[in-house]
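Remarks on the overall topology
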Amino acid sequence: MSTDQLSDVELAITGMTCASCANRIERKLNKLDGVTATVNYATEKAKVSYPGTVSTDDLLRTVEAAGYAARLPAPPSAEVPDGAPERDPLLQRLVVSAVLSVPVVLLAMVPAWQFDFWQWASLALAAPVVVWGALPFHRAAWTNLRHGATTMDTLVSVGVLAAFGWSLWALFLGTAGEPGMTHPFRITVERTDGSGNIYLEAAAGVTTFLLAGRWLEHRSKRRAGAALRALLELGAREAAVIRDGVETRVPVDQLAVGDTFVVRPGEKVATDGVVVEGSSAVDASMLTGESVPVEVGVGDDVVGGCVNAGGRLVVRATRVGADTQLAQMARLVEDAQNGKAEVQRLADRVSGVFVPVVIALSVATLGFWLGAGGGATAAFTAAVSVLIIACPCALGLATPTALMVGTGRGAQLGILIKGPEVLESTRRVDTIVLDKTGTVTTGDMTVQSVVVAEGESEDDVCRLAAALESASEHPVARAIAAHVPASEDARRPGTGVSAAPRPQVPGVEGFTNREGLGVEGVVDGHAVVVGRPQLLADWSQPLPDALADAVDRAQAEGLTAVAVGWDGRARGVIAVGDTVKPTSAEAVRRLRELGLTPVLVTGDNERAARHVAAQVGIDDVVADVMPADKVAEVRRLQAAGKVVAMAGDGVNDAAALAQADLGLAMGTGTDVAIEASDLTLVRGDLLVAVDAIQLARRTLAVIRGNLFWAFAYNVAALPLAAAGLLNPMLAGAAMAFSSVFVVTNSLRLRGFRSSVA
């Protein structure tokens, strides 16, 4: 079947509880003739290509037959308006369960508080938690059972129902419901028929702890689509379209190819097009990531979403809607998220083996005691005790507590970690791709050097250039204009004496902006020209050899060289460009110590990229790349067997951040980059990336340790349960001790120290 007969659709999937659910839906969809599907557990979406012989109803029925729910994308009008409160049913379930569970656990663990009929009060409080609070686990367990699979949800559901069911039997048919019944604080190993034992605190407590873990996971998962929303919001909302010679403001979605529209200084370009009138400097950092603006004039292409930093432009639309580069970047981000390998929860992987073993052991225990003549009551007591002790209270705390403490400590250090799956990635990362502008460098245009002709004063060159450039909105002009006030308070190197104050920037007369070349005007009676060397040549002011060499050096270092002349002579050259962050070189060295190989990837030219790489100690450089090329570079490294981290700050980095195994966004960057990343470095300091990776690896190690001990305690208690020796206080103490151990182990992360001075 030819690919041109295929249609694409994106389904919203609900009901998935782990990565194995996504795999199950994917297999079911791919069994349909001609269908190709990928299901992403993180975004809860399925991207499906299907032939004309298959309808969307067939796809929806297939997902539902697998035990899940699916729906087609909602039209824009059906979307929740901005600012509307979003209801979180999982949070409501957690809060109600926690409020009801706390007194149940306290009554069970503190014998002095066990008043008459306390057991019935515990039942009234625990029942809603077990039935309603644990409903997501019961549903998932039922779905998994229908497909012959077991996960963490199966373990929770079976354990909770076993504990609750046995408590009901003991209360109504046993001796546990009698007035004055208490659970004394006596830890002994003795055989019992279980008729006086209730396990309501286990049923309610485990449910609440695991709901907390599920909510934390759900909260991070909901952010998966935020990068796309933030990216699309970068575009202009309206356009000033010229129709019949009159400007009319219309929504961007009403633009058509061939329409002409006006872009005034400071406005966003509405859509991709070509300039038909005017000239200006356009801030294309959204696309290229580079802080140097792009000069455009008649016949030049402009990209929707870029900001007009200079004059008035009239643009003819060439691409609209889904065909624009901004829309294509959004698709890059989405494709990268969908293609990202999901890391299954650690608890699911362990319980995939643990649950069947526990159930088999419970059945074997029942059979053994019945066969050995121990009596039906003792046999069922031992069998159910196996299920109860296998439902680990500590397991519910293992990941949430470590994640809570780790993320809390990270926030203190300026590191935001989005979820447990992020931690798994940091352990294996061996390559880090670094964006240049805003990540390794500051991303701000500043004056780097000033070279003057023989006999000229640097003060005069800077003062007259700043006076003329202060009338321009060009980013390079703003950098030069800002340089003079900054230098007035300078001190002479090596002394504590302030340099002589420079005079105030004088006024400008006859200011003229020469399209794409520079500016002219009269300052203090001098006819001043500032701009490209070509502009000075037009005024018969050729650069002497010393200044021409300064221009060549600046361009070799990736800087913008601005020539300054007045009264018929070239007087100096001001080099403007980005600055390497002071901590970048140290950060690269420490990243290497962590076993990571750094690669510099930038949209800037090769010479500028090599110059920056040499300053910070990076050998591998990939320059002159567009956003799609950054994604391709990350994929190339991944195809070569590398586990790749990506650090960036711009919109143009978002897709690569999503594609990478670990995305690190500078907190000083764009919202799109932050939303597409896994870790956010609030301070925008690359050295914090070292702390982020170390903290994430430490947190993952604690989670693994917690999971090991959570299971170890239960495994150790299983023989006692199978032997019918599980005293309720012993079970409670084991659960309490394992929980305290897990929490204490997690609290060790509070002692993590930053490597940043």
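Everything numeric here is computed off the predicted structure, so don't read it as measured data.

This part covers the overall build of the chain. The helix and strand inventory of the chain stands at 26 helices and 26 strands. For the chain, the proportion of contacts with a sequence separation of at least 24, taken over those separated by at least 6, is 69%.

With that out of the way, let us pick up the nonpolar core. Note on soluble globular proteins: their nonpolar side chains tend to be buried together. Grouped together as the largest cluster of nonpolar side chains are 46 residues, with contacts concentrated most on Ile-198, Leu-200, Phe-354, Val-358 and Leu-718. Among the elements of the structure, helix H3 (89-109), helix H4 (118-133), helix H6 (152-172), helix H7 (200-221), helix H11 (346-371), helix H12 (376-390) and helix H25 (686-722) are those that each provide at least two residues to this core. Sorting elements by how many residues they give to this core places H6 first, with 9 residues.

So, on to the sheet that holds strand E22 (residues 597-601). The 7 strands lie next to each other as E14-E26-E25-E24-E15-E22-E23, forming an open sheet whose pairing is mixed. The open sheet terminates on both sides in strands that have one partner only, identified here as strand E14 (415-417) and strand E23 (620-622). Ignoring strand direction, the axes of neighbouring strands in this sheet form an average angle of 20°. As defined by bridge partners, strand E15 (residues 431-435) adjoins E22 across 5 bridges and the pair is classed as parallel. Bridged to Val-433 within E22 is Val-599.

Another point: the UniProt feature "transmembrane region" (unreviewed entry) in the chain. Cross-referencing UniProt, the feature "transmembrane region" (unreviewed entry) maps to residues 94-111, 117-135, 155-176, 196-216, 350-372, 378-399, 707-723 and 729-747 in the present numbering. In residues 155-176, the share of helix is 82% and the share of strand is 0%. The end C-alpha atoms are 26 Å apart. A distance of 25 Å separates the end C-alpha atoms of residues 707-723, which is 94% helix and 0% strand.

With that out of the way, let us pick up the pattern of salt bridges. Summed over all chains, the structure comprises 20 salt bridges. Here Asp-435 and Lys-630 are joined by a salt bridge, their closest N and O atoms 3.0 Å apart. With Asp-435 in strand E15 and Lys-630 in helix H22 (residues 627-639), this pair connects stretches of sequence that are 195 residues apart. The class for Lys-630 is buried, based on a relative accessible area of 2%.

Here we take up helix H5 (residues 135-146). Compared with the 16 Å implied by 1.5 Å per residue over 12 residues, the 17 Å span of H5 between its first and last C-alpha is a close match. All of the buried residues in H5 are Phe-137, His-138, Ala-140, Ala-141, Thr-143 and Asn-144. Downstream of H5 by one or two residues, Gly-148 has phi in the positive range, about 70°.

The geometry of an aromatic ring pair comes down to the distance between the two centres and the angle between the two planes. Within the structure shown, the criterion is met by 3 aromatic pairs. Their ring planes at 80° and their centres at 5.2 Å tell us that Trp-120 and Phe-172 sit as a pair that is edge-to-face. Linking Trp-120 in helix H4 with Phe-172 in helix H6, this pair joins segments that are 52 residues apart in sequence. Geometry around Trp-132 places Arg-93 over its ring, the cationic atom sitting 4.8 Å from the centre.

Further remarks concern the confidence of the model for the chain. For the chain, per-residue confidence averages 78 on the pLDDT scale, and 80% of positions sit at 70 or higher. Confidence scores differ between elements of the chain, with helix H8 (residues 226-232) showing the lowest mean pLDDT of 58 and E22 the highest of 93. Here residues 75-85 scores under 50 on pLDDT; set against residues more than four positions off or in separate chains, the count is 0 contacts.

Take Leu-255: it is sitting in the loop between strand E6 (246-251) and strand E7 (260-263). By relative accessible area, which is 6% here, Leu-255 ends up buried. Expressed as a C-alpha distance, the spacing of Leu-255 and Arg-319, which sit 64 residues apart in the sequence, is 9.4 Å. Setting aside chain neighbours within four positions, we find Leu-255 in contact with Ala-239, Val-241, Ala-270, Thr-271 and Val-320.

Moving on, we get to the packing of H4 against H5. Between H4 and H5, the shortest axis-to-axis distance is 6 Å and the interhelical angle comes to 40°. Considering their axes alone, H4 and H5 lie oblique with respect to each other. Only Leu-135, Pro-136 and His-138 of H5 make contact with H4, whose side of the interface consists of Val-130, Val-131, Trp-132 and Gly-133. By residue class, the composition of the contact of H4 with H5 is 5 nonpolar, 2 polar and no charged.

What follows deals with unusual backbone geometry. Even without glycine at this site, Phe-117 takes up a positive phi of about 65°. Although it is not a glycine, Asp-567 sits at a positive phi angle of roughly 50°. Within the secondary structure layout, Asp-567 lies in the loop between strand E20 (560-566) and strand E21 (569-577).

With respect to the secondary-structure elements, Asp-661 resides in the loop between helix H23 (654-659) and strand E25 (662-666). Buried and unpaired, Asp-661 has no salt bridge, with Arg-428 as the nearest side chain of opposite charge at 5.1 Å. At 3.1 Å, the side chain of Asp-661 and the side chain of Gln-638 are in polar contact. A polar side-chain atom of Asp-661 sits 2.8 Å from the main-chain amide nitrogen of Val-644.

Strand order in the open sheet made by the 6 strands is E16-E21-E20-E19-E18-E17, with antiparallel pairing throughout. Pairing within the sheet leaves two strands with one partner each, and these edge strands are strand E16 (446-452) and strand E17 (509-514). Here the strands of the sheet are splayed against their neighbours by 20° on average, with no regard to which way each runs. When strand E18 (residues 518-523) meets strand E19 (residues 526-531), the two strands line up antiparallel, connected through 6 bridges. Directly across from Val-522, in E19, lies its bridge partner Ala-527. Those strands touched by helix H19 (residues 545-556) are E16, E20 and E21, and its axis lies near 15° from that of E21.

Another aspect to go through is the packing of H3 against H4. In contact at an axis separation of 9 Å, H3 and H4 are set at 150° when each is read in the N-to-C sense. Regarding the angle of H3 to H4, the classification is roughly antiparallel. Taken as a pair, H3 and H4 cross one another with a handedness that is left-handed. For the pair H3 and H4, the contacting residues are Gln-92, Arg-93, Val-96, Ser-97, Leu-100, Ser-101, Pro-103, Val-104, Leu-107 and Ala-108 in the first and Trp-118, Ser-122, Leu-125, Ala-126, Pro-128, Val-129, Trp-132 and Gly-133 in the second. Among the residues making up the contact of H3 with H4, the classes are represented as 12 nonpolar, 5 polar and 1 charged.

Rules and cut-offs
Residues numbered from 1 in each chain as written. Predicted model: local features only at pLDDT ≥ 70, side-chain atom pairs only at ≥ 80, totals over all residues. Heavy atoms only, no water. Helix = DSSP H or I, 4+ residues; strand = E, 2+ residues; numbered from the N terminus. Contact = heavy atoms within 4.5 Å. Core = buried A, V, L, I, M, F, W, Y, C linked by side-chain atoms within 4.5 Å. Buried < 20%, exposed > 50% of the residue type's maximum accessible area, 1.4 Å probe, protein only. Pairing = 2+ DSSP bridges. Axes fitted to C-alpha atoms, helices over the stretch in contact; angles between N-to-C directions. UniProt positions renumbered as here; feature names shortened; annotations may be inferred. Salt bridge = Lys/Arg side-chain N within 4 Å of Asp/Glu carboxyl O. Expected span 1.5 Å × (residues − 1). Phe/Tyr/Trp six-rings, centres within 6.5 Å; stacked < 30°, edge-to-face > 60°. Lys NZ or Arg CZ within 6 Å of the ring centre and 35° of its normal. pLDDT = per-residue confidence, 0-100. Parallel < 35°, antiparallel > 145°, perpendicular 65-115°, else oblique. Nonpolar A, V, L, I, M, F, W, Y, C, P; charged D, E, K, R; others polar. Lys, Arg positive; Asp, Glu negative; His and termini not counted. Polar contact = N/O pair within 3.5 Å; in protein donor to acceptor, adjacent residues only side chain to side chain. Left-handed = near helix turned anticlockwise from the far one by under 90°.

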